[in-house]
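# Inside the fold
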Amino acid sequence: MSSMNRRRLLLTGSGAAIGVGLASGSATAAPTPGATAGAVTVTPGDARYADLTSGLNQRWVAAPERIVLPTTTREVVAMVQDAVDRKKRISIRGGGHCFEDFVFNSEVEVVIDMSRMNAVSFDEERQAFAVEGGATLLRVYESLYEGWGVTIPGGACYSVGVGGHVSGGGYGMLSRAHGLTVDHLDAVEVVVVDASGKARSVVAGRHPADPNRDLFWAHTGAGGGNFGVITKYWFRTPGSTGTDPGALLPRPPAEVYVTMASWPWEDVSKAGFVGLLEFYGSWLERHRDVSSPYKDMCVWLMPNHQSAGDIALIAQLDATVPDAPRLLTDFLTGLNQALGVTDTPGVPERTGGTHRSTYATTQRLPWLRATRYVGTVSPTQTDPNMRGKHKSAYHRRGFTRQQIEAVYEHLTRSPQNARIAGLVMPSTGGRIAEVGPAATAVAQRDSIMKVTYEAYWYDESDDAANIAWVRGVYADVYAGTGGVPVPDERTDGCYVNYPDSDLGDPRYNRSSVPWHDLYFKGNYRRLRDVKRRWDPNDVFRHRQSVRA
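Residues numbered from 1 in each chain as written. Predicted model: local features only at pLDDT ≥ 70, side-chain atom pairs only at ≥ 80, totals over all residues. Heavy atoms only, no water.

Turning our attention to the sheet that holds strand 17 (residues 420-426). The sheet built from 8 strands is open, its strands ordered 14-15-11-13-12-17-18-16 with antiparallel pairing. Of all strands in the sheet, those with a lone pairing partner are strand 14 (354-356) and strand 16 (387-395), marking the two edges. The average undirected angle you get between the axes of adjacent strands in this sheet is 15°. On top of the sheet, helix 7 (residues 270-286) reaches strand 12 (297-302), strand 13 (310-318), strand 17 and strand 18 (449-457); it is set at about 155° to strand 12, its chief contact. (Pairing = 2+ DSSP bridges. Helix = DSSP H or I, 4+ residues; strand = E, 2+ residues; numbered from the N terminus. Axes fitted to C-alpha atoms, helices over the stretch in contact; angles between N-to-C directions. Contact = heavy atoms within 4.5 Å.)

In structure tokens, the structure reads:
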């Protein structure tokens, strides 16, 4: 596998939608009115300014009059109050992974950067794990596992912030085994603004008797930037009992098999490509629920553009599962046979072992080491200077032959002037599907995969060509349903944490399904009710935020 594609493997594993709202700011470097001395304010004359006015997608930049970095919820309340009083447009930045301009755009005057609120602890009073809204995923994984031997089933990219990731649902390598991140959410603390313009913090919990439960529910899949500033999450698995923190969240496997595979395009025929995607789709359909022996395995198939050199795959399987080596070998053999490859994969039996074949390398690793490994191979971590375009689709069934041929046509056209272009096709299913579509705000519960169409490049002069490439393959794959994956027996809309403003544009969405139903389906009406109650003045908004 090329080093470029190895780094690319988990590029979109946990994208997060971070939101936009209203706030005020001044051009001075003085603390925000009402804030304590812990808060930091950065203005255009500060050397830190350039680093804090863009995220990982360099297409989106802002020129705010200030960036404020709080350290307490009290400071966030003061910042939001100042914003509302002076009617300034703000945005809220978590990890900076938002694929659209919801955080950084020309209207932003103040950015509330949550990165200094990143503590992870155990709350004895609530008997749940508290995670502040600016923490990154790797910090959460390391803190929970090293401190208590537990984890949450979140995304793979280590620098994604929990603020947007969790509020959009949260998919990751352990989700087939343990569900979505929000399936383990117990409460959320949010700074909101009432009808009179007063900012305050509210804690909303999972318990049905909680008077704020509607606000909690909205933060289980609506995405960031809709209702307020998320300052803290609490996690505890439903049904867990006792006072031992180590029994209140999932325990990850002690060891996992991590396979990274690639097949050079020069060895892939059209028939082989069609066979590969047909096998992958049918395999996911067969193993979609918890009765499958593969419920503890997550797979990402990545058909890269031909200019990248190869098609890539990563698979992670709990090494303690009975007969795990055979299960993994059977799966890899099936992929090779579908492609017409005769190489025989192998899987190491011993801890720390490695097996290499022509097309794959499999390692047996301790879980946290594997998590750090797969979480740091993404170019968004090692190369934050790229520009990008993304689209998404939930699939209930595999691609049709016509769709596969459309993908093949776009992947084998003249080379793109992009560093990365292609599809990312991670498996879903398993325990994700055990939760009803209305139990959380994530309505897409019975999909078999969550597909991303993407391109990354460096130069602004290449924007038009690369955006057109992503739009083109997406439009052709879903040509039969108006250019978008409408909810039906085969597809199920789009993932809110991979936002795509094209969904609201009739040039690209020719279906009768509006953008909000592609994200939220039947849950959108309830989300609007929450918006009217908790953000009646639409203080927190962006181009695809929930409308009152």
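Moving on from the coordinates now.
Let us look at the packing of helix 7 against helix 8 (residues 324-339). One can describe the packing of helix 7 onto helix 8 by two numbers: an axis separation of 7 Å at closest approach and a directional angle of 145°. Contacts between helix 7 and helix 8 involve G272, F273, G275, L276, F279, Y280 and W283 on the former and, on the latter, F331, G334, L335, A338 and L339. A class-by-class count of the residues in the contact of helix 7 with helix 8 yields 9 nonpolar, 3 polar and no charged. (Nonpolar A, V, L, I, M, F, W, Y, C, P; charged D, E, K, R; others polar.)

Accessible area lost on assembly of the parts is the figure often given for the size of an interface. According to the domain assignment, the protein chain contains domain 1 (40-252) and domain 2 (255-521). Where domain 1 packs against domain 2, one counts 4 salt bridges. Notably, a salt bridge pairs E142 with R372, separated by 2.9 Å at the nearest N-O pair. Counting every contact that joins domain 1 to domain 2 gives 23 residue pairs in polar contact (both at pLDDT 80 or more). Looking at the side of domain 1 that touches domain 2 residue by residue, the classes come out as 20 nonpolar, 17 polar and 6 charged. (Domains from an automatic or database assignment. Salt bridge = Lys/Arg side-chain N within 4 Å of Asp/Glu carboxyl O. Polar contact = N/O pair within 3.5 Å; in protein donor to acceptor, adjacent residues only side chain to side chain.)

This next bit is on the nonpolar core. Core analysis: the largest hydrophobic core is formed by 136 residues, its most contacted members being W263, F273, L313, F331, F399 and Y453. Here this core gets 8 residues from one element, more than from any other, and that element is helix 7. Shared between two domains, this core holds at least three residues of each, these being domain 1 (40-252) and domain 2 (255-521). Membership of the second largest hydrophobic core comes to 20 residues, among which are V68, V77, I90 and I92. (Core = buried A, V, L, I, M, F, W, Y, C linked by side-chain atoms within 4.5 Å. Buried < 20%, exposed > 50% of the residue type's maximum accessible area, 1.4 Å probe, protein only.)

Further remarks concern the confidence of the model for the protein chain. Taken as a whole, the protein chain shows an average pLDDT of 91; of its residues, 92% reach a score of 70 or greater. Predicted confidence is poor over residues 1-36, with pLDDT under 50, and the contacts of this stretch with residues over four places away or in other chains come to 178 contacts. (pLDDT = per-residue confidence, 0-100.)

Moving on, we come to the UniProt feature "domain: FAD-binding PCMH-type" (unreviewed entry) in the protein chain. Per the UniProt annotation, the sites labelled "domain: FAD-binding PCMH-type" (unreviewed entry) are residues 60-240. The annotated region residues 60-240 carries 23% helix and 25% strand content, and the separation between its end C-alpha atoms amounts to 42 Å. (UniProt positions renumbered as here; feature names shortened; annotations may be inferred.)

Quick look at helix 12 (residues 463-477) now. Taking 1.5 Å of rise per residue, 15 residues should cover 21 Å, and helix 12 covers 22 Å from first to last C-alpha, within 8% of that figure. The set of residues buried in helix 12 consists of D463, N466, I467, W469, V470, V473, Y474 and V477. Down the axis of helix 12, the buried side of the element spans an arc of 150°, and every buried residue falls inside it. On its buried side, helix 12 packs onto strand 16, helix 11 (401-411), strand 17 and strand 18. (Expected span 1.5 Å × (residues − 1). Arc of directions from axis to C-beta.)

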